[in-house]
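Summary of structural features
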Amino acid sequence: MHIPVTMDDGTVEVFTGYRVQHSISRGPGKGGIRYAPDVSLDEVRALASWMTWKCAVVNIPFGGAKGGVICDPKNMSQGELERLTRRYTASLIEFLGPEKDVPAPDMNTNEQTMAWIMDTYSMHMGQTVTSVVTGKPVSLGGSRGRREATGRGVATVTDQALKFLNMNASETTVIVQGFGNVGMHSARLLWERGYKVIGIGEYDGALYNADGIDIGELVEWKTRRGTIHGFAGAGPFDKDELLTQPVDVLIPAATENVITSRNAERLQCRILVEGANGPTTAIADEILADKGVFVVPDILANAGGVTTSYFEWVQDRMGYFWAEDDVNQRLERVMIESFDAVLQYAVQHNVNNRLAAYMLAIDRVAFTTKQRGIYA
């Protein structure tokens, strides 16, 4: 779609936006909306199909969708972003809805963006419809525990991997690449559970301390300073070299394609937990399989976010909101059941975890599609 927006200087700029619905056989479409200069239709298509498999692997009743607008939010004011968001939503009015397609935040969008979408949709419907989006502020029908849900899911599947491999948390070292929402909460929760976090990487450098980093203090430091650099509890380190250090658990939690044919051979981790979407390329994946690395694939490892989004949608529709403990317990149960189901598929079909996760997801979508049949 094309989205005309009146800019602050009075000029009108026309932005290009997309929304792709990949599958709605198991329930309404579900997927984020991203604002970035390099958004493309192919990228949105790929991410929409990813969401189909991610929702299926954790067995929640959603299909896959995704949206994006080509823009540079860093160079736009709050007012411009609001007008862009509202016009984008208005263009999609007949395609969105609690039973049709439920957006969420993604790259460069947040709780405020979701509040604007919810308000715009509600104005068109003539009533407040909180369940049209997830990832909203708690005061507008958002779920407690949503912000740290992806990181909590990562921590839970890491625990399960340790249990499967008969390892002990107190003797397990961890490196986390990326210290944004997912990486920060993953690192903090694992540190609180007794893991020794020895490295934290960011896009502009890294920290390393073989004796372990106090993640509680680092979170405070980053919250105050806006950066991990200069933190006294660990030394500066090369961000690329960090990935290849000897470690038990490596968690890439930043962008895609960070583990490639160039560095996969040098990885020294025993377990790889993919907090980010698509951090490992196909060739690197084969190398890791040959090396015997235990991989928890992205469509399972980072599905905590969409699972808690599902909980938010359920709470909005009931008009009854759960305590944070309830949300976290339900999330943990879903992640553990999904981990076990993927592992069972891997053993049963003698394939690696990534193939097992996709086989399980595709099986579930195919089964539902066949059950529904073809409308004459």
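In this report, the structure presented in the accompanying data block is examined. Note that this is a predicted model, so its numbers are computed, not measured.

1. Overview of the packing of helix H1 (residues 41–57) against helix H12 (residues 353–372)
Two elements in contact, H1 and H12, have axes whose closest approach is 8 Å; the angle formed by their N-to-C orientations is 90 degrees. Taken together, H1 and H12 sit at an angle that is classed as roughly perpendicular. For the pair formed by H1 and H12, the contact residues are Trp50, Thr52, Trp53, Ala56 and Val57 on the first element and Ala357, Tyr358, Leu360, Ala361, Ile362, Arg364 and Val365 on the second. Considered class by class, the residues forming the contact of H1 with H12 number ten nonpolar, one polar and one charged.

2. Side note on the sheet that holds strand E1 (residues 2–6)
The five strands lie next to each other as E1-E2-E4-E3-E5, forming an open sheet whose pairing is mixed. Looking along the sheet, the strands with just one partner apiece sit at the ends: E1 and strand E5 (101–105). Between one strand and the next, the sheet's axes are offset by a mean angle of 25 degrees, whatever the strand orientation. Running over the sheet, helix H2 (residues 78–91) touches E1, strand E2 (12–21), strand E3 (29–36) and strand E4 (63–70) and is turned about 145 degrees from E1.

3. Notes on the side chain of threonine 120
Here threonine 120 lies in helix H3 (residues 111–125). Ignoring any residue separated from it by four or fewer positions in sequence, one finds threonine 120 in contact with Arg86, Thr89 and Ala90.

4. Description of unusual backbone geometry
Despite not being glycine, asparagine 59 shows a phi value in the positive range, around 60 degrees. Within the secondary structure, asparagine 59 is located in the loop between H1 and E4.

5. Focus on the pairing of strand E6 (residues 173–177)
Taken residue by residue, a regular strand's side chains alternate between the two faces of the sheet. Of all the five residues making up E6, five are buried; the element is thus mostly covered by neighbouring parts of the structure. Judged by which residues are buried, E6 turns out to be covered on both faces: Thr173, Ile175 and Gln177 on one side and Val174 and Val176 on the other are all buried. Note that E6 and strand E7 (residues 196–202) share five bridges and pair parallel. Its bridge partner being in E7, isoleucine 175 is matched across the sheet by glycine 199.

Cut-offs applied
- Residues numbered from 1 in each chain as written.
- Predicted model: local features only at pLDDT ≥ 70, side-chain atom pairs only at ≥ 80, totals over all residues.
- Heavy atoms only, no water.
- Axes fitted to C-alpha atoms, helices over the stretch in contact; angles between N-to-C directions.
- Helix = DSSP H or I, 4+ residues; strand = E, 2+ residues; numbered from the N terminus.
- Parallel < 35°, antiparallel > 145°, perpendicular 65-115°, else oblique.
- Contact = heavy atoms within 4.5 Å.
- Nonpolar A, V, L, I, M, F, W, Y, C, P; charged D, E, K, R; others polar.
- Pairing = 2+ DSSP bridges.
- Buried < 20%, exposed > 50% of the residue type's maximum accessible area, 1.4 Å probe, protein only.

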